[in-house]
Amino acid sequence: MELEAWDVDVRDVIRQAAARLRRAVDEGEPVAALTGAGVSVESGIPTFRGGGGAFWAGFRSEDLATPEAFRRHPEKVWEWYHQRRQFVMSAQSNPAHKALAALEAVHPHFTLITQNVDGLHQRAGSKRVVELHGSLHQKRCLDCGLISPIPPDAEGVMYCDLCGGVARPHIVWFGEMLPPHAWRQAEEAAARAGVMLVVGTSAQVYPAAGLVEIAAAAGADVIEVNPEPSALAWLARWAIRLPAGEALPQLMRAAGLPTEP
Ligand code: BV8
Ligand code: ZN
């Protein structure tokens, strides 16, 4: 962390970070972004650890987002995920999602990696999204492993379109492996990035948070966008202490880049 970043106006931080981002775009340098629940806050979706945990009223994610809970009562776990999917279906993507979709549109060497399962990056126009923790909109068959879309109005326990086996939410629960292809893409993008945006994540969940360490260790300039310091704030060259929905459009505008795809 550059000491002067602490005491200069956030506009100066944005100007410096924007110049670095623009240089990467102009020079065709790889850029990566890792997003977390904070990027969807301005879409009305609460975070996990910022008090939003209580949001899943009546349910505690520790009790339902686990393989044991699914084995014991699949219908209850499916009800919770159907509720969460319906909720995000009624949400809109926000200027933060749109700014990241705009960056993908102007920079072929940009990789968007998300811990979120809400699908709002795709709703904002992002075409290439690496979903590390799965998706609320997909199910996975316990028998044949087929991953397939969940119809928006689906209810009750889901079954495989191919073999009829019981399907589970295609969500990575604690203690579970991340989708190998997604993890490999993310790891490679982090290791090659000249600039790494870390947006709206407390950086407490591994191995996702480890991507910031991989990028920084490989020499990337890390730009953190979060009203609060994340657990890996010390790795950031610049910290933009604003909500992402304000910070990212300002960053793109300061870099002379579009704020919408
Ligand atoms: C694995 C799907 C092994 C569920 C999720 C001890 C030490 C280190 C690691 C561990 C440990 N004990 C256990 C572990 C491993 C564990 C872990 O990291 N635990 C942590 C909590 C200590 N990890 C795992 O279990 C992973 N698997 O390790 O498996 C393995 C390996 C190989 C082979 C087999 C097995 C699996 C992790 C994935 C878990 N699933 N979600 C569901 O959604 O139903 S994680 C969950 O947390 C969400 O996906 C979420 O995205 C993710 C991270 O949270 P954040 O996105 O950062 O959200 P958070 O609320 O924390 O922070 C929000 C931030 O936004 C805040 O900083 C806030 O300031 C900021 N903010 C607020 N408003 C705004 C904003 N920012 C910008 N703008 C705003 N407006
Ligand atoms: Zn199947």
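Residues numbered from 1 in each chain as written. Chains lettered and ligands numbered in written order. Predicted model: local features only at pLDDT ≥ 70, side-chain atom pairs only at ≥ 80, totals over all residues. Heavy atoms only, no water.

Residues and numbers for the nonpolar core, please.
In globular proteins that are soluble, nonpolar side chains generally tend to be buried together. Ranked by size, the top nonpolar core spans 33 residues in total, and within it Leu103, Ile240, Leu248 and Leu251 carry the most contacts. Within the residue set of this core, elements represented by two or more residues are α2 (10-26), β1 (31-35), α6 (95-106), β2 (110-114), β8 (195-199), β9 (221-225), β10 (238-240) and α10 (244-254). By residue number, the principal contributor to this core is α2, which donates seven residues. Listed in part, the 26 residues of the second largest apolar core include Ala32, Ile113, Ala186 and Ala208. (Core = buried A, V, L, I, M, F, W, Y, C linked by side-chain atoms within 4.5 Å. Buried < 20%, exposed > 50% of the residue type's maximum accessible area, 1.4 Å probe, protein only. Helix = DSSP H or I, 4+ residues; strand = E, 2+ residues; numbered from the N terminus.)

Which residues make up the pattern of salt bridges, and what are the values?
Inspection of the entire model under this criterion finds 10 salt bridges. Between Asp221 and Arg20 there is a salt bridge, and its shortest N-O distance comes to 2.7 Å. Of this pair, Asp221 sits in strand β9 while Arg20 sits in helix α2, and the two are 201 residues apart along the sequence. Taking the relative accessible area as the measure of exposure, Asp221 reaches 14% and is therefore buried. With relative accessibility at 7%, the residue Arg20 sits in the buried group. The salt bridge involving Asp161 is made with Lys139; its shortest N-O contact spans 3.2 Å. Placement of Asp161 in the loop between β6 (158-159) and β7 (166-171) and of Lys139 in strand β4 (residues 134-141) is noted, with a sequence separation of 22 residues between them. Using a relative accessible area of 55% as the deciding quantity, one classes Asp161 as exposed. Taken together, the salt bridges that share partners define one network made up of Arg20, Glu29, Asp221 and Arg237. (Salt bridge = Lys/Arg side-chain N within 4 Å of Asp/Glu carboxyl O.)

Explain helix α8 (residues 180-192) to me, using residue names and the numbers behind them.
With 13 residues, α8 should cover 18 Å at 1.5 Å per step; its first-to-last C-alpha distance of 18 Å lies within 8% of that length. Buried residues of α8: Ala182, Trp183, Ala186, Ala189 and Ala190, and no others. Looking straight down α8, one finds its buried side chains confined to an arc of 135 degrees; they lie on one side. Set apart from the buried face of α8 by more than 90 degrees, the exposed residues are His181 and Arg184. Looking at the buried side of α8, the elements it contacts are β1, β2, β3 (129-131), β8 and α9 (210-217). (Expected span 1.5 Å × (residues − 1). Arc of directions from axis to C-beta. Contact = heavy atoms within 4.5 Å.)

A description of the packing of α6 against α10 should follow, citing residues and the corresponding values.
Packing of α6 against α10 leaves a shortest axis separation of 7 Å and a crossing angle of 30 degrees. Taken together, the axes of α6 and α10 are roughly parallel relative to one another. Relative to α10, the crossing made by α6 is left-handed. Residues Pro95, Ala96, Ala99, Leu100, Ala102 and Leu103 of α6 touch α10, and the partners they reach there are Ala244, Gly245, Leu248, Pro249 and Met252. Residues belonging to the contact of α6 with α10 are distributed by class as follows: 10 nonpolar, one polar and no charged. (Axes fitted to C-alpha atoms, helices over the stretch in contact; angles between N-to-C directions. Parallel < 35°, antiparallel > 145°, perpendicular 65-115°, else oblique. Left-handed = near helix turned anticlockwise from the far one by under 90°. Nonpolar A, V, L, I, M, F, W, Y, C, P; charged D, E, K, R; others polar.)

Give me the domain arrangement of the chain: which residues, what numbers.
Domain assignment breaks the chain into domain 1 (1-45 + 93-133 + 178-261) and domain 2 (49-90 + 134-171). Across the boundary between the two partners, domain 1 contributes 14 residues, which contact 12 residues of domain 2. A per-residue breakdown of the area domain 1 buries against domain 2 is headed by Ile45, Val117 and Arg123, which together make up 43% of the total. In this assembly, domain 1 and domain 2 are joined by zero salt bridges. At the junction of domain 1 and domain 2, the tally comes to three residue pairs in polar contact (both at pLDDT 80 or more). (Domains from an automatic or database assignment. Buried area = accessible area lost by both parts, 1.4 Å probe. Polar contact = N/O pair within 3.5 Å; in protein donor to acceptor, adjacent residues only side chain to side chain.)

Go over the coordination of the zinc ion (ligand 2) with me, naming the residues and quoting the values.
Bound to the zinc ion (ligand 2) are the protein donor atoms Cys141 (SG), Cys144 (SG), Cys160 (SG) and Cys163 (SG), situated 2.2 to 2.3 Å from the metal. Its four donor atoms give the zinc ion (ligand 2) angles of 99 to 119 degrees at the centre, a pattern that matches the tetrahedral case. Residue Cys141 is classed as buried on the basis of its relative accessible area, which comes to 4%. In this structure Cys160 comes out as buried when scored by relative accessible area, which is 9%. (Donors = N, O, S within 2.8 Å, 3.2 Å for Na, K, Ca; no water. Tetrahedral: all angles 85-135°; square planar, octahedral: opposite > 155°, others 65-115°.)

Tell me about a nonpolar patch on the surface, and name the residues and values.
On the surface, a nonpolar cluster with roughly 270 Å² of combined accessible area is contributed by Leu142, Tyr159 and Val166. You can see Leu142 is positioned in the loop between β4 and β5 (147-149). (Patch = residues over 30% accessible without salt bridge, like charges linked within 9 Å, V, L, I, M, F, W, Y side chains within 5 Å. Areas by Shrake-Rupley, 256 points an atom, 1.4 Å probe, with all protein chains shown as cover.)

How would you summarise the packing of aromatic side chains if you had to cite specific residues and measurements?
When we look at a pair of aromatic rings, we describe it by the centre distance and by the angle of the planes. In the structure shown here, the tally under the stated rule is three aromatic pairs. Where Phe70 meets Trp173, the ring centres are 6.0 Å apart and the plane angle is 40 degrees; that geometry is what we call tilted. Taken as a pair, Phe70 in helix α4 (residues 67-72) and Trp173 in the loop between β7 and α8 lie far apart in primary sequence, 103 residues in all. Looking at Phe70, the relative accessible area reads 6%, which means it is buried. (Phe/Tyr/Trp six-rings, centres within 6.5 Å; stacked < 30°, edge-to-face > 60°.)

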